[in-house]
Amino acid sequence: MDKERLYRELAGQREEMEPGERLAAYLRGEETDCLPYGLLAPEDALAHIWGYTKGQVHRSFDLRCEMIRRKKEEYKISGLSVPMGLRGIAEAAGSVLAYPENAVDYVKEYLVMDYGALDELETFEVEKNALLCGKIEEGERLMELFPDMGVSTDVAGPFSTAAAMRPIELLLRDMRR
């Protein structure tokens, strides 16, 4: 490619693409302004920057909606998230979590304190689980309010889930046996 051709192609390229537009172009094999990227869980950082606590964001659906709008307006980040977090499946199974106002959630009561508790565990059905039904409902409400955005969620891996169901010191001891 010579210098003139480079300048012609650069002149036709938009200065900056929006994240969704960039990803779509990249997946079609088209040229993009940069490689697609995404911020993992930007809500925590943005809540802090904008003066909200984690507790406020966790408790208020309206505040989450405001943050979604603001995130799109200010940073062109679109997309909806209904996160389960690292301990969500364990909470759905029966571990009790604490949600401090301005810190990371933690397990207050573990579901499996001894091996006898393993025998009492039952498979839970999503349709009958209050936490999971609440997450599904939240996703549906977000999709109604923001129909042009995609929705995603996350689920922790098996060791993170196990560590939220059984104290880590016991879980590590169990792995040695």
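You'll find the structure just up there.
Each chain carries its own residue numbering, running from 1 in the written order of its sequence. With pLDDT at 70 or above as the cut-off, local features in this predicted model cover only qualifying residues; side-chain atom pairs require 80 or more to be listed or tallied, and sums for whole chains, interfaces and linings still use all residues. Hydrogens and water molecules were not included; the side-chain quantities draw on all heavy atoms of the structure.

(A) Molecular detail of the nonpolar core. Definition of nonpolar core: a set of buried residues of the types Ala, Val, Leu, Ile, Met, Phe, Trp, Tyr and Cys, connected through side-chain atoms within 4.5 Å. When accessible area is computed with a 1.4 Å probe and restricted to protein chains, residues below 20% of their type maximum are described as buried, those above 50% as exposed, and intermediate ones as partly exposed. The biggest cluster of nonpolar side chains holds 8 residues, and these are Phe61, Cys65, Ile68, Leu80, Val82, Leu142, Phe146 and Met149. Starting at the N terminus, helices and strands are each numbered in turn, a helix being any DSSP run of H or I of at least four residues and a strand any DSSP run of E of at least two. The element that contributes the greatest number of residues to this core is helix H5 (residues 61-75), accounting for 3 residues. Grouped together as the second largest cluster of nonpolar side chains are 7 residues, Leu46, Ala47, Trp50 and Met67 included.

(B) Looking closely at the side chain of Lys71. Looking at the secondary structure, you find Lys71 in helix H5. Excluding anything up to four places from it in sequence, Lys71 contacts Pro42, Glu43, Leu46, Trp50, Lys76, Ile77 and Gly79. Only heavy atoms enter the contact rule, under which two residues are in contact if any of them lie within 4.5 Å.

(C) Quick peek at a nonpolar patch on the surface. Residues qualify for a patch when their relative accessible area is over 30% and they have no salt bridge, like charges being joined within 9 Å and the nonpolar side chains of Val, Leu, Ile, Met, Phe, Trp and Tyr within 5 Å. In this description, accessible areas are obtained by the Shrake-Rupley approach with a 1.4 Å probe, and a residue is regarded as covered only by the protein chains that are shown. In the sections that follow, a salt bridge refers to a side-chain nitrogen of Lys or Arg positioned within 4 Å of a carboxyl oxygen of Asp or Glu. Taken together, Met1, Leu6, Tyr7 and Leu10 make up a surface patch of nonpolar side chains, about 450 Å² in accessible area. Relative to the helices and strands, Leu10 resides in helix H1 (residues 3-12). When its relative accessible area of 45% is taken as the criterion, Leu10 is described as partly exposed.

(D) Structural view of the packing of aromatic side chains. The pairing test for Phe, Tyr and Trp rings, Trp by its six-membered ring, is centres within 6.5 Å, and the orientation test on the planes gives stacked under 30 degrees, edge-to-face over 60, and tilted for anything in between. On inspection of all chains with the given rule, the structure shows 1 aromatic pair. Working rule: Lys NZ or Arg CZ, within 6 Å of ring centre, within 35 degrees of ring normal, means a charge sits over the ring. Above the plane of the ring of Phe61 lies Arg141, whose end atom (NZ or CZ) is 3.7 Å from the centre. Residue placement shows Arg166 over the ring face of Tyr115; its charged tip is 5.1 Å from the ring centre.

(E) Structural context of the state of the cysteines. Any pair of cysteine sulfurs within 2.5 Å is marked as a disulfide. Under the counting rule described, the total for this entry stands at 0 disulfides. You can see Cys65 has no disulfide; the closest cysteine sulfur is in Cys133, sitting 20 Å from it.

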